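# Results of the structural survey
This is what each chain is made of:
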Amino acid sequence: MRILRYSLLAGGIALGIAAYKVQMDNLHVTLIRSVGLPWNLTQAHAMTVGPFTTSARSWAIVSGAWLFLVAGLVAWSRRPSNRLGPLMAAAGIALLLRQLRYSHDAFLFTVFFVVGELSYWVVAHAVFAYPSGRITDRLERGLIKVGYTVTFLFTIAILLLYDGSRPLRFFDPTPRDSLISVGGSGDAAITMQKAFVIVVWGVLAVAAIVLLIRKLVLATPRARRILAPLLLAAITVGLRAVFESIFTFAERPSSVLYDYLFWWQISAFIALPLALLAGFLRARLARASVGDLVLELERTPPQGIRDALRRALDDPTLDVLFWLPERNGFVDAAGRSAELPDHGNRTVTRLQHEGEPLAALVHDPSLLEEPKLVNAAGAAASLALENARLHAETRAQLEQVRESRVRIVATADEERRRIERDIHDGAQQRLVALAVQLRSAQRRLQDPEVDSLLAATVKELQVAVEELRELARGVHPAILTEDGLAAALESLVSRIPFPVDLDAAEGRLPAQVEATAYFVACEALANVVKHARASTATVRTVRRNGLLVVEVEDDGIGGAVAGNGSGLRGLADRVEALGGRLHVESPAEGGTRIVGEIPCAS
Amino acid sequence: MDRDSRVYTVVLGLNLCDHSSMRPTALIVDDHAAFRASAKTLLQDEGFQVVGEAEDGRSGLELARALDPDLVLLDVALPDLSGLDVAERLAGGHSKVVLVSSRRPGDFGVRFREAPVLGFISKDNLSAETLEQVLGGSA
């Protein structure tokens, strides 16, 4: 393969020189012949800066083709399995061969008139096949097939009709001989040539431009960054073809404008292989950044590994998921369960460490073009990923604990509500029914002795009912479930034996949040009543930044401690279970301020 | 239908068509049978004719509309509608509504305080005296 590539390079260089020579010979022939022919030298000179070539232009065309060849050969040697390299090299060779069609030799003219026009489609083929070497899109593949076929048929038809009586368009004034001419006329061949320019350089070039723009629009962000220079250069070349098609009908532009158009096209043509090379250079740079990755990861904390990989692989959308064997599933860096995406916009590369699943990189599909790069980065990061996985595992366990705490609080709340209902609907109802019945009996009997006995019994029953009521209220106040936190706090402060200023936010919140805030206020006020020797207290609830803040303040003696076994410790546990915080400020003789901050999705 | 079954759980009072009796009529709406029985005895002793009983809010509402009793003894906490909902829907009608509950007035919110009813009696305090007090001699 290497020999083939060197041969192609040598052949390409020779072809380029030959192509240049053919062009220059034409120029001389044209200039010399023009002396004896009806044209004068001025006209001939005008032609040399018009559609015909100059030395500089000729070199530019040959250099553009050489660049294609070299870029193709470099790509070929870097990735022998990718067809893009051979395709680019073929485009370079075809572009060089195209120049041989200007030869006055009948055989060279006939063969390379056909090959020359096909060369542009080899270039288009390579552009659409970038970077995988294969055209996967049905429309794009269709366009390239139509391009090859139509171009081939048109050029054959032109050669069949061409009788050498008139110069062809884009050629110097000396007529050539078509080896496959079947007669006809110069006019017919030139009409056919015009039709060819309209169909291929007009219609098909517009179609190619549309498909290139579509490719750019549909690409993922990372792929777009890589494709953009190449596709923009290709679109520029395509536009030049469309202009040429328009000039077939319009008046030929001035030679100065034509000169601009020529250099515009040739610049874009030179940019094409350069853009391809840049793509390759990019991959090499990325591989170099994998080297940096190894060094960088040594001082990267587990949570920074994703960003390091994003930089190394140049994919700002990359994500890392860690495999947890005991869960038989993936989690993210925070330890939350995560599913691998299964849609086309994201691609997953699974990484292993010592034969065991380790992690999955979720990335832009364009990285699939560089599997070695992704695997190299994965291998470089495997130790750090193993660490990060352990980190994620710990986070996952913590997350599980947190979730179970929330569930415990929820279950306890539900249980309290059930007990409250049981007390209310059971014993309490029986006792009140009994009291009513005894009163009826008392009224019917009208016996003073029984009357006082029944009155005492009813009184006793009322005490029992009141005790049950207090018990039920303490377990879980029904008003909290039915009317919400503000109403429950209002009911609560109304039973406190000194003035309490209440400022409660209206509106309902999740039951757990309301219950937690209520019990914070309830426990804090109970402490105020029992220990603080306060004369007044304030209860405030406010919703702020996704938190429900409940605050109880008194003017008592202070010195409250949220120690073990105290009600405050239990409250703090409860608030923390919901991801919140409980602050206690209680300087001696300075009153006590208890603030609970409870996250509430608002 | 569910709705019908609720209606049929209601125990209708006797002698609905007994025009000789001019006693005031009463409807008891409470989900506890033992309390309904005690309250019924008490109301009858006080000269009421208990024309119906209902064990939930919807059937209570339907019976109140069908029977148009002079008094509705209405529990605040019912399994479906709240007693406050029932009271609001009966507001402006002929029936006088007295709320009862085994909870204290302070255990309820602002809707309770603004309910369009004649008064409230704590269930353990329900007696001829408290009833008369609330009815204010109008019964």
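Below: a short report on this structure.

### Remarks on the overall build of chain B
Across its full length, chain B carries six helices and six strands. Every one of the 139 residues in chain B was classed for burial, and the buried ones make up 50%. Summarising the internal contacts of chain B: among those between residues at least 6 apart in sequence, 62% fall at separations of at least 24. Entry remark: accessible area of chain B is about 6300 Å², with carbon and sulfur atoms responsible for 51%.

### Some thoughts on the packing of helix α3 (residues 57–67) of chain B against helix α4 (residues 83–90) of chain B
Residue and element names in this part refer to chain B. Where α3 meets α4, the axes come as close as 10 Å, and the angle between the chain directions of the two elements is 25°. Taken together, the axis directions place α3 and α4 in an arrangement best described as roughly parallel. At the point where α3 passes α4, the crossing takes the right-handed sense. On α4, the residues touching G57, L61, A64 and R65 of α3 are V86, R89 and L90. Of the residues that constitute the contact of α3 with α4, the class distribution is four nonpolar, one polar and two charged.

### Here's the deal with the pattern of salt bridges
Residue and element names in this part refer to chain A. Tallying each qualifying case throughout the model produces 41 salt bridges over all chains. A salt bridge links R418 to E415, with the shortest nitrogen-to-oxygen separation between them at 2.8 Å. Linking R418 with E415, this pair stays in helix α12 (residues 382–425), spanning three residues, or about one helical turn.

### Re α3(B)
Residue and element names in this part refer to chain B. Listed in full, the buried residues belonging to α3 are G57, S59, G60, L61, L63 and A64. Two to three positions downstream of the cap, the backbone nitrogen of R58 sits 3.4 Å from a side-chain oxygen, assigning the N-cap of α3 to D56. D68 sits one or two positions beyond α3 and adopts a positive phi of about 45°.

### Section: the interface of chain B and chain A
Every contact between the two is made by 27 residues of chain B and, on the other side, 27 residues of chain A. Where chain B abuts chain A, roughly 2300 Å² becomes buried across the two surfaces, and 44% of that area is made up of carbon and sulfur atoms. Linking chain B with chain A are 10 salt bridges. Linking B:R113 and A:E490 is a salt bridge whose minimum nitrogen-to-oxygen distance equals 2.7 Å. Where chain B packs against chain A, one counts 21 residue pairs in polar contact (both at pLDDT 80 or more).

### Here we look at unusual backbone geometry
The general pattern is negative phi for most residues beyond glycine and trans for most peptide bonds. Residue and element names in this part refer to chain A. Here N328, not a glycine, exhibits a phi torsion of approximately 55°, which is positive. With respect to the element layout, N328 can be found in the loop between β1 (319–324) and β2 (329–331). Relative accessible area serves as the criterion here: at 58%, N328 is assigned to the exposed category. Although it is not a glycine, N545 adopts a positive phi angle of roughly 50°. Along the chain, N545 turns up in the loop between β7 (537–544) and β8 (547–554).

### Topic: helix α6 (residues 128–135) of chain B
Along α6(B), the residues that are buried comprise B:A128, B:T130, B:L131 and B:L135. Burial along α6(B) is one-sided: seen end-on, the buried residues are contained in an arc of 170°. At its buried positions, α6(B) is contacted by α13 (427–445) of chain A together with α2 (33–45), β4 (71–75), β5 (96–101) and β6 (119–122) of chain B. Note on α6(B): the residue one or two positions beyond its end, B:G136, has a positive phi of about 60°.

### Side note on the environment of A:V513
All names here are of chain A. Looking at where V513 falls in the secondary structure, it is placed in helix α17 (residues 511–532). On a C-alpha basis, the gap between V513 and L547 in space is 9.7 Å, while along the polypeptide they are 34 residues apart. Excluding residues within four positions of it along the chain, V513 makes contact with L548, L578, I598, P599 and C600.

### Some remarks on the environment of B:S102
Along the chain, B:S102 falls in the loop between β5 and α5 (110–113). Through-space distance from the C-alpha of B:S102 to that of B:I121 is 8.9 Å; in sequence the pair is 19 residues apart. Every residue in contact with B:S102, bar those within four places of it in the chain, is listed here: A:H424, A:Q428, A:Q429, A:V432, A:R469 and B:K123. Here the side chain of B:S102 touches A:H424 through a polar contact of 3.0 Å, side chain to side chain.

What counts, and at which threshold
- Residues numbered from 1 in each chain as written.
- Chains lettered and ligands numbered in written order.
- Predicted model: local features only at pLDDT ≥ 70, side-chain atom pairs only at ≥ 80, totals over all residues.
- Heavy atoms only, no water.
- Helix = DSSP H or I, 4+ residues; strand = E, 2+ residues; numbered from the N terminus.
- Buried < 20%, exposed > 50% of the residue type's maximum accessible area, 1.4 Å probe, protein only.
- Contact = heavy atoms within 4.5 Å.
- Areas by Shrake-Rupley, 256 points an atom, 1.4 Å probe, with all protein chains shown as cover.
- Axes fitted to C-alpha atoms, helices over the stretch in contact; angles between N-to-C directions.
- Parallel < 35°, antiparallel > 145°, perpendicular 65-115°, else oblique.
- Left-handed = near helix turned anticlockwise from the far one by under 90°.
- Nonpolar A, V, L, I, M, F, W, Y, C, P; charged D, E, K, R; others polar.
- Salt bridge = Lys/Arg side-chain N within 4 Å of Asp/Glu carboxyl O.
- Polar contact = N/O pair within 3.5 Å; in protein donor to acceptor, adjacent residues only side chain to side chain.
- Buried area = accessible area lost by both parts, 1.4 Å probe.
- Arc of directions from axis to C-beta.

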